[in-house]
Each structure stands twice: as structure tokens, then as C-alpha cells.
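# An overview of the molecular structure
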Amino acid sequence: MSSKQYFEQLPKKLKDFFYKYPPSVKYASKPTSTHALDANPFLFNKHPVTGKYHDPIYSRRRMSDIYKLAHRYGVQEFLPPTDKKFFEEKYENKKFMRGILSPKGHKHENNMEERMRVKAQGIANAQKILEEAKGSKYKRKASQREEKKRVGWV
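Within each chain, residue numbers correspond to sequence positions counted from 1 in written order. Predicted model: local features are reported for residues with pLDDT of at least 70 only, side-chain atom pairs are reported and counted for 80 or more only, and whole-chain, interface and lining totals are derived from all residues. Only hydrogens and water are set aside; all other atoms, that is, all heavy atoms of the structure, feed into the side-chain values.

The protein chain goes by Large ribosomal subunit protein mL59 in an unreviewed UniProt entry, where it is assigned to Nakaseomyces bracarensis.

Have a look at this one:
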């Protein structure tokens, strides 16, 4: 099959695009003059007289439709270059969101281990702290209570 027959099998939207912007032209990958022959229809281009940038001829939505349609028919390499990524290119160097890989968490969740450790130390040293705070009379009574709790056979 010749390339002309392949071209005739493309959908009307793609054929119309390739009539306006033939793949034989090497389009610029950066903004150029609006009157330049290699002006990219997907980029903002600068008017040579006024110095103002003109909107792209094809909007992002229309560009996306054309690229996806071209990808379906396997002719996306003939389209002008763009900074927007589609399909596999998008996922090859994907940077995942930081919060998904290592979630930050809430303040109370982040400090929980430290609080539990301090709480366990406090419970372990509770008797000693009470004895220091209340004095020798409390210490004596606490030791008497401990002796009553002990069960001895002798």
C-alpha cells in the first residue's frame, strides 16, 4: 500500500490538519514569528511588527484530540512538536506526589511514639515520684501496704 492510500484512510480531522500543516515541514519546537514558515500551530508565536504573542492556532483541547487521534492511527511522529506529553511519555518519568509515597500525617500521629514512650516511663516511675513529692510518711505507709499484699507461708 502506498503512503497516499494510507493517508486516505485517516479520519477527516487528521487529513485536514495534514493538508494545512504538512509533515514534510520541520516545525519549530519554540515560539517563533507568526509569519515564519516553520511556525508551530500548537505554540504561542510572536508577531514581528507588534511584538505581541498570538494565541496558538490549535487550543490545548484541540491539540489533545489531534494527538490522540494520530496516536490511534500511528502517525503521531508526523505532528509538530509540543511540550505537552501524551500516553506512555507521560508515565515514563512520572513524579509521584510526595504525600502518597511518604505520607506526612497529622501532628498527633507523628508525635504518638514519643508520647507513648514518655507515658510508659511515667507509669514505671510513678511510685518513686509520689514518694518524693509526698514525703517519708507516705513512703512508710506505701511499704506497709506492699507487705500486706504479699502472701507468705511462713
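Helix axes are fitted only over the stretch in contact, all axes being lines through C-alpha atoms; the angle between N-to-C directions runs from 0 to 180 degrees. Secondary structure counts use DSSP, requiring at least four H or I residues in a row for a helix and at least two E residues in a row for a strand, with both numbered from the N terminus. At a minimum axis distance of 6 Å, the contact between helix H8 (residues 126–134) and helix H9 (residues 136–149) shows a crossing angle of 140 degrees. As judged from the angle between their axes, H8 and H9 are oblique. For the pair H8 and H9, contact is made by Gln127, Leu130, Glu131 and Lys134 and by Ser136, Tyr138, Lys139 and Ala142, respectively. If an angle is under 35 degrees, it is roughly parallel; if it is over 145, roughly antiparallel; if it lies from 65 to 115, roughly perpendicular; otherwise it is oblique. In this description, contact between two residues means that some pair of their heavy atoms is separated by no more than 4.5 Å.

Following the sequence through the fold, asparagine 45 ends up in strand S1 (residues 45–46). A simple rule labels every residue: compare its accessible area, found with a 1.4 Å probe on the protein chains alone, to the largest value its type can have, and call it buried under 20%, exposed over 50%, or partly exposed in between. Among the residues examined, asparagine 45 registers a relative accessible area of 8% and is labelled buried. The term polar contact refers here to a pair of N or O atoms within 3.5 Å; inside protein, the definition further demands a hydrogen-donor-capable atom paired with an acceptor-capable atom, and it admits residues adjacent in sequence only when both atoms are side-chain atoms. For asparagine 45, the side chain forms a polar contact with the main-chain nitrogen of threonine 32, separated by 3.1 Å. Non-local contacts of asparagine 45, meaning those with residues more than four positions away in its chain, are made with Pro31, Thr32, Ser33, Thr34, Ala39, Asn40, Lys52, Tyr53 and His54.

Ranked by internal contacts, the top residues of the largest apolar core, which has 17 residues, are Leu14, Phe17, Phe18 and Leu79. For this core, the secondary-structure elements that each account for two or more residues are helix H2 (12–20) and helix H3 (60–73). If you tally residues by element for this core, the top one is H3, at five residues. Ignoring sequence-local partners within four residues, the contact set of leucine 79 consists of Phe17, Phe18, Ile66, Tyr67 and Ala70. Residues belong to a common nonpolar core when they are buried Ala, Val, Leu, Ile, Met, Phe, Trp, Tyr or Cys residues joined through side-chain atoms within 4.5 Å.

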